[in-house]
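Inside the fold
The residues making up each chain are set out below.
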Amino acid sequence: METLKLFSHKIWLTLLLALIACSLTACDILPSVTINQTPVIPGQATPQLNTWFQGSPGVQIRYEDWKGNDGDEDTVTIARFDLHDVALSVAYQPDQPLSMNEWMQQEQATAIINGGYFDSDDVATALVVSNGHVSGESYSGFGGMLSVSVQGQTTLRSLAEQPYNPNEDQLTQAVQSSPVLVLHGKKTVFTADSNGARRSVVAMDTAGRLLLIVSPGGAFSLAELAQLLVSSDLSIETALNLDGGASTGLYVNAGSRQVTIDAINDLPLVIVMKRR
């Protein structure tokens, strides 16, 4: 008798769960699905490639399918910002690293991308200037720096070509990383292994717009990525590699345009874009 009651209870529970599932489907209450880090909503097509999608003022999003020399390929996400409409800052919390989502909420940002390298104690390995507070020491003779001056000018430069000078560089924001991939529109010469990895890049084009570029699929070496950048139609003047691998992440919240590419690690250092 007890066995029969237990069996009846299991049947009732199974029917109840099936009814709930059907109700959720009917109401379109289904989670978004992520394929190769590109958000896809059930019933909708994946984003169109090679087209600039307008988000909030000064923000555009684009998806491109890039292929390396060995045939490996990845869908690359590109966010482009008009610096007349969007301001750049650097957020740094070595004592309290955050997830990408937590950084977005804390900063109330339009977009966030991971910053430069940090050690096992979550301390940046190079100079960081966050809202005027200076930490660490500058790279010397290599690498590059994204910065904002006290006059509000945003620049991206090679530290080998233009070294950091604390007596002359009056900065409110700065982050350094390595290597510089593109300089004056041409691929640079650098030494790096040939392994593919998740990649993130900050770049400026010939029109002075800032680009945040992420390849989450682990398809490209740095040399391949540099060649893909210069051969693209993005008119890139300067491009700097950021900390990749498990740190690679990009969030954009720009009106109807959303990007969610999560870093695997919590991050102590991020580049923040906000509407002016």
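Structural data are supplied above this passage.
Everything quoted here is computed from the prediction, not taken from an experiment.

Concerning the environment of Asp72
- Mapping Asp72 onto the fold places it in the loop between strand 4 (59-67) and strand 5 (73-81).
- Placed 124 residues apart in sequence, Asp72 and Gly196 show a C-alpha to C-alpha distance of 9.1 Å.

Focus: the pairing of strand 16 (residues 210-220)
- Counting buried positions over the eleven residues of strand 16 gives nine, a clear majority of the element.
- Strand direction decides the pairing type here: strand 5 and strand 16, joined by five bridges, are antiparallel. When the sheet's bridge partners are listed, Phe81 is paired in strand 16 with Leu210.
- Here strand 15 (residues 197-205) runs beside strand 16; their pairing, made up of seven bridges, is antiparallel. Residue pairing for strand 16: Ala197 is matched across the bridge by Phe220.
- Counted between consecutive antiparallel strands, the loop separating strand 15 from strand 16 contains four residues, among which Gly208 sits at a positive phi close to 85 degrees.

Topic: the environment of Val230
- Take Val230: it is sitting in helix 3 (residues 222-231).
- Taking the C-alpha atoms as reference points, Val230 and Gly185, separated by 45 residues in sequence, lie 6.5 Å from one another.
- The contact partners of Val230, leaving out residues within four places of it in the chain, are Val182, Gly185, Lys186 and Lys187.

What counts and how
- Residues numbered from 1 in each chain as written.
- Predicted model: local features only at pLDDT ≥ 70, side-chain atom pairs only at ≥ 80, totals over all residues.
- Heavy atoms only, no water.
- Helix = DSSP H or I, 4+ residues; strand = E, 2+ residues; numbered from the N terminus.
- Buried < 20%, exposed > 50% of the residue type's maximum accessible area, 1.4 Å probe, protein only.
- Pairing = 2+ DSSP bridges.
- Contact = heavy atoms within 4.5 Å.

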